[in-house]
Amino acid sequence: MSFENIEHNIKKILLDIGDRNTNLLAVTKTRTVDEINYAIHCGVRHIGENRVQELLEKYDSIERDGVSIHLIGQLQTNKVKYIIDKVDLIHSVDSLRLAQEISKRALAAGKIQDVLIEVNIGGEESKGGVDPDDLVPLLENISKLPAIHVRGLMCIPPIATQRHQNLKYFLKMKQFSVDITEKKIDNIDMDILSMGMSGDYEDAIEAGSTFIRVGRGIFGPRN
Ligand SMILES: *Cc1c(COP(=O)(O)O)cnc(C)c1O
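Here's a quick rundown of the structure.

Conventions used here
- Residues numbered from 1 in each chain as written.
- Predicted model: local features only at pLDDT ≥ 70, side-chain atom pairs only at ≥ 80, totals over all residues.
- Heavy atoms only, no water.
- Helix = DSSP H or I, 4+ residues; strand = E, 2+ residues; numbered from the N terminus.
- Polar contact = N/O pair within 3.5 Å; in protein donor to acceptor, adjacent residues only side chain to side chain.
- Contact = heavy atoms within 4.5 Å.
- Axes fitted to C-alpha atoms, helices over the stretch in contact; angles between N-to-C directions.
- Parallel < 35°, antiparallel > 145°, perpendicular 65-115°, else oblique.
- Left-handed = near helix turned anticlockwise from the far one by under 90°.
- Nonpolar A, V, L, I, M, F, W, Y, C, P; charged D, E, K, R; others polar.
- Expected span 1.5 Å × (residues − 1).
- Near = heavy atom within 4 Å.
- Areas by Shrake-Rupley, 256 points an atom, 1.4 Å probe, with all protein chains shown as cover.
- Core = buried A, V, L, I, M, F, W, Y, C linked by side-chain atoms within 4.5 Å.
- Buried < 20%, exposed > 50% of the residue type's maximum accessible area, 1.4 Å probe, protein only.
- Phe/Tyr/Trp six-rings, centres within 6.5 Å; stacked < 30°, edge-to-face > 60°.
- Lys NZ or Arg CZ within 6 Å of the ring centre and 35° of its normal.

1. Section: the side chain of aspartate 114
Right, so step 1: Relative to the helices and strands, aspartate 114 is located in strand 5 (residues 113–119).
Right, so step 2: In this structure the side chain of aspartate 114 is engaged in a polar contact, spanning 3.5 Å, whose partner is the side chain of histidine 149.
Right, so step 3: Those residues in contact with aspartate 114 that lie beyond four places of it in its chain are Asp88, Leu89, Ile90, His149 and Arg151.

In structure tokens:
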């Protein structure tokens, strides 16, 4: 993929978003630092990596001025310490144990870590994320931890075979976020909804996504 295409793709997605309250998060796994910095020059303000090792390798070379760094992939408890001083938002918290470790490391680093709770919205065995039935109990437990702040929810729906197949999941996520807001749980906010990828971000925007996470739609196919 040429750099002109990257610029074109970013402009198109920003046009699709229009004046809605959705942010574009560029998913940069497998991409070079040059590609990432080019995307930043084209106006991308949020970068998401899904593996700790890859984030650490690129971190110092990314032009991070005015740019937020997101961890969007599954996070092992023993790796939290490597990224706690580097990430603005962790999208993939799905257990109390992980939340406890994040809170502990954040406390030691002198920060409050913003996180999202990943919901296994399609009920898939193979995927991370908390079962919707366990969501509120998990939030109630996390709300007691000192240095972690839940800002909303994230999901990775099942792979779609048809257009608009994931709209129903996105609408469910929006409903969860509304229902949880009404519960007014201490220290739990629901101002962020991270959902929508290259193939389905338009439906996600319609359903109220505040972060679409787009990789191939910006940078082209991954090798
Ligand atoms: C890779 C990835 C994406 C982006 O997927 P594309 O199909 O390339 O847009 C979004 N979210 C997560 C968690 C990912 O791992």
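2. A closer look at the packing of helix 6 (residues 135–142) against helix 7 (residues 167–183)
Right, so step 1: Between helix 6 and helix 7, the shortest axis-to-axis distance is 12 Å and the interhelical angle comes to 45°. Compared by their axis directions, helix 6 and helix 7 come out oblique. Seen from above, helix 6 lies across helix 7 with right-handed handedness. Residue-level inspection shows Leu135, Val136 and Leu139 of helix 6 in contact with helix 7, the latter providing Phe176, Ile180 and Lys183.
Right, so step 2: Grouping the constituent residues of the contact of helix 6 with helix 7 by class yields 5 nonpolar, no polar and 1 charged.

3. Some words on helix 1 (residues 3–17)
Right, so step 1: Taking 1.5 Å per residue as the helical rise, helix 1 with its 15 residues ought to reach 21 Å, and the 21 Å between its terminal C-alpha atoms agrees with that figure.
Right, so step 2: Just downstream of helix 1 lies glycine 18, where phi reads positive at about 60°.

4. Considerations on the site of the ligand
Right, so step 1: Neighbouring residues of the ligand: Val27, Lys29, Asn50, Ile72, Ile156, Met197, Ser198, Arg213, Val214, Gly215, Arg216 and Arg222.
Right, so step 2: Side-chain polar atom of lysine 29 to an oxygen atom of the ligand: 2.6 Å apart, as the coordinates give it.
Right, so step 3: Within the contact set of the ligand, an oxygen atom lies 2.9 Å away from a backbone nitrogen or oxygen of glycine 215.
Right, so step 4: Burial of the ligand by the protein chains amounts to 94% of its free accessible area of 390 Å².
Right, so step 5: Of the residues belonging to the shell around the ligand, the class tally is 5 nonpolar, 3 polar and 4 charged.

5. Looking at the nonpolar core
Right, so step 1: The biggest cluster of nonpolar side chains holds 62 residues, and the ones touching the most others in it are Ile102 and Ile117.
Right, so step 2: Residues Val27, Leu116, Met154 and Phe211 belong to the second largest nonpolar core, which totals 8 residues.

6. Remarks on the packing of aromatic side chains
Right, so step 1: Within the structure shown, the criterion is met by 1 aromatic pair.
Right, so step 2: Positioned over the ring face of tyrosine 59 is arginine 64, at 3.9 Å from the centre of the ring.

Function cannot be inferred from these measures alone, as they are strictly geometric.
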